[in-house]
Structure formats: structure tokens, C-alpha cells
Amino acid sequence: MRRYGRKRQPAIPVFLSAIVFIVLIGNALDIFGSTAAAAGDAGTVWGADYFPNVPLVTHEAKTVRFFDDLIKNKVVVVNFIYTNCPDVCPLETAQLREVQKILGDRVGRDVFMYSITIDPEFDTPAVLKEYAEKFEVGPGWLFLTGKEADITLLRRKLGLYSDEQGGDKLEGHNVSSIVGNQKTGRWMKMSPFVNPYIMATQVGSWLHNWKNPGNKEQDYAAAPKVRNILKGESLFRSRCAACHSIGPREDAKKRVGPDLLGVTGKRDRAWLVRYLTEPDKMRAEKDPLAVALFAEYNNRTMPNLRLNTAEIDALLAHIEEESRRIQLREVEHPPQGRPR
């Protein structure tokens, strides 16, 4: 059984260590107004001599070159997936979908997103196109395939390849994303569980050297107080919120999974616990409800997040508590036009 979520991450290669140094020195140079000179040096270091210009094929069946066409002088988000992944790939795709929604029409204009398969034998352009359509991705986000050796080389160069599991391309899957600006040489690894707003800020502002206008100036005195977040809410935000909502919200219909309001009262707890533990096995066993949910939500896969018993208990407790809060609020303050 593949355990991407629990796999020990490989040691950070020299490539990423150097990146951290470049990021730090780049920030210092920004302060002293010397970014332009540093950017040229960084662009040379992480240029055509480093990144392989291998051919890839998009989900639109167009052949492109990795360096010349995809990353040269661009701000990019790159990750590696495969469409049959039962684990974190669907969650990572859903999280990046949220990032794309936050960035809006900037994706494809000054930010570019690339998901490259690690299973090119199965993931043809047609399969990748179907996968992209399942998640309703927008323009500026390409799903790509190519020769296995070329893809492995890209994974190595981007620091997303595990030498420990190199004999099995799927077991060796590192689920992190790489975000970077090739021109300035600023790159960083991002977890698939990072808040989409944080990634959108990193990609949309930080990697552009904060040249894009931000929000109006705000006073720290007016900042809201930070509250403590319990384990269940933290898990929901990092593992569930990209696909699910709890209660009505403006973009609920755009979510890729069902609304979870009151789900602990609608479903048998034992079923919920097992579905959170091994949804892939339940689909394989043709569990009627698991199969029905899979079909209802456009054959999008509920990932196996490798949650333990304590995490599942905390997550269900949060969903139940949040459902009660929302339902009570609706009783006390019904939406306009709805009687009490």
C-alpha cells in the first residue's frame, strides 16, 4: 500500500539548500535596492544550464519544452501527480485549484501552473485532460506527460525525487510542490497541506518581489485577535476545506466534494470512520454509498489521507460542533425570506 502522506521526506538536496541561501540574500538585496544585479546572477545559476529542456506533451496534446516554453522568465507552480493516485494527489490538485481561484485571471498571464505525471505509461494526454476536467481547472494550468526518464530527471532537478525509493516511481513520489521565479532564481518547496491563501500570496506577491499592488495600508491595532485552533479544525482546514464546506457559503457549489453540514447525524459513525480511514478500499469493495458519492461528484477520488484514530475523532468532533453552531445560528437568524 502506498503511503505518501506518512513517508519520511528525503533529505533536502544541495539544490534546495542553495535556494534557501538565494532567497535570504535576495531579500537582503531587496532592502538595499540591488535586486536587479542579484536577479541576473540567480537567473544564470538556475537557467538553461541547470534545467533540462526536455519535451513534454500537454493535456491539450501540444508538445512543449520544459525550460524554453514552461519556466523561462516565468513565475511557476510545479508538482508531480498521477491520475490513479489513491492518496494525496487529489487533495493536492484540489488545493491548487483553490490557489488558481484566488489568483484568478493572473494564472496564465503572470503565474503559470504545471502538474506533471509520474505515470506516463497510463497518463496519456487524453487521460490528463479528463482529470483536469474533473477538477474544473481553468486556463494557465497545464497537465503534462512525457518520457519517464525525462520526468525523473525533472524530479531530480527540482528536488522532488526520493533516491531511497527510486526503483518504484510511484512509491518514490514526493507530494510537495515547487514554486519559483526562474528569472530571479527564487524557489521554494510547498507542502500540499499549506493554506491556499498562503501559497497564492507567495506565488502572486512574494515571487514577484511585491511589485503587484496589495491591500490598502492597515494598522496593526485593528488586526483581529488570533484564537487558538483545535486539532479538528486544523485538520479540516488543511485536509478537507479545499473540497468540502460545512454549511452554505458563496462558493459551496464550486467545491469538488459534498457539503458536510450535519453529516455526523446523517451517516452511521462506523461508516464515516471507515470512509475516512480507507475510502479507496470501500470503492474497490463497491460500497453502495462510496460508489454513489464517487459518481455524484464527477468521479473525483476521495483521497486516503492516512488519518489515525485520534485525528478522525478530532475531525468528526469539529464537523459536529461547527454544524451545531451553524444550525443554531440559522434558527436564531434565518436567512432573509425564510420563516423561523
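Our subject is the structure listed above.
(A) Here's a closer look at unusual backbone geometry. Despite not being glycine, K286 shows a phi value in the positive range, around 65°. Residue placement: K286 occurs in the loop between α11 (279–284) and α12 (288–296). Even without glycine at this site, R306 takes up a positive phi of about 55°. Assignment of secondary structure puts R306 in the loop between α12 and α13 (309–332).

(B) Highlighting the environment of L207. When you line up the elements, L207 lands in the loop between α7 (196–204) and α8 (231–240). In the structure, L207 is positioned 23 residues away from T184 in sequence and 8.5 Å away in space, judged by C-alpha atoms. Apart from the residues lying within four places of it in its own chain, the contact partners of L207 are V75, V179, G180, N181, R186 and Q202.

(C) Examining helix α6 (residues 148–157) more closely. Within α6 the residues assigned to the buried category are D150, I151, T152, L154 and R155. Buried positions along α6 lie against β1 (55–58), α3 (66–71), β3 (75–81), β4 (112–117) and β5 (141–145). Downstream of α6 by one or two residues, G159 has phi in the positive range, about 70°.

(D) Structural view of the sheet that holds strand β6 (residues 177–181). Strand order across the open sheet formed by seven strands is β2-β1-β5-β4-β3-β6-β7, with mixed pairing between neighbours. Of all the strands in the sheet, just β2 (63–65) and β7 (186–190) have a single pairing partner and so form its edges. When strand polarity is set aside, the average angle formed by the axes of neighbouring strands in this sheet is 30°. Relative to β6, β3 is paired through four bridges, and the arrangement is antiparallel. Within β6, the residue paired with V78 across the bridge is I178. Against the sheet, helix α4 (residues 89–103) touches β3, β4, β5 and β6, its axis set at about 160° to β3.

Rules behind the numbers
- Residues numbered from 1 in each chain as written.
- Predicted model: local features only at pLDDT ≥ 70, side-chain atom pairs only at ≥ 80, totals over all residues.
- Heavy atoms only, no water.
- Helix = DSSP H or I, 4+ residues; strand = E, 2+ residues; numbered from the N terminus.
- Contact = heavy atoms within 4.5 Å.
- Buried < 20%, exposed > 50% of the residue type's maximum accessible area, 1.4 Å probe, protein only.
- Pairing = 2+ DSSP bridges.
- Axes fitted to C-alpha atoms, helices over the stretch in contact; angles between N-to-C directions.

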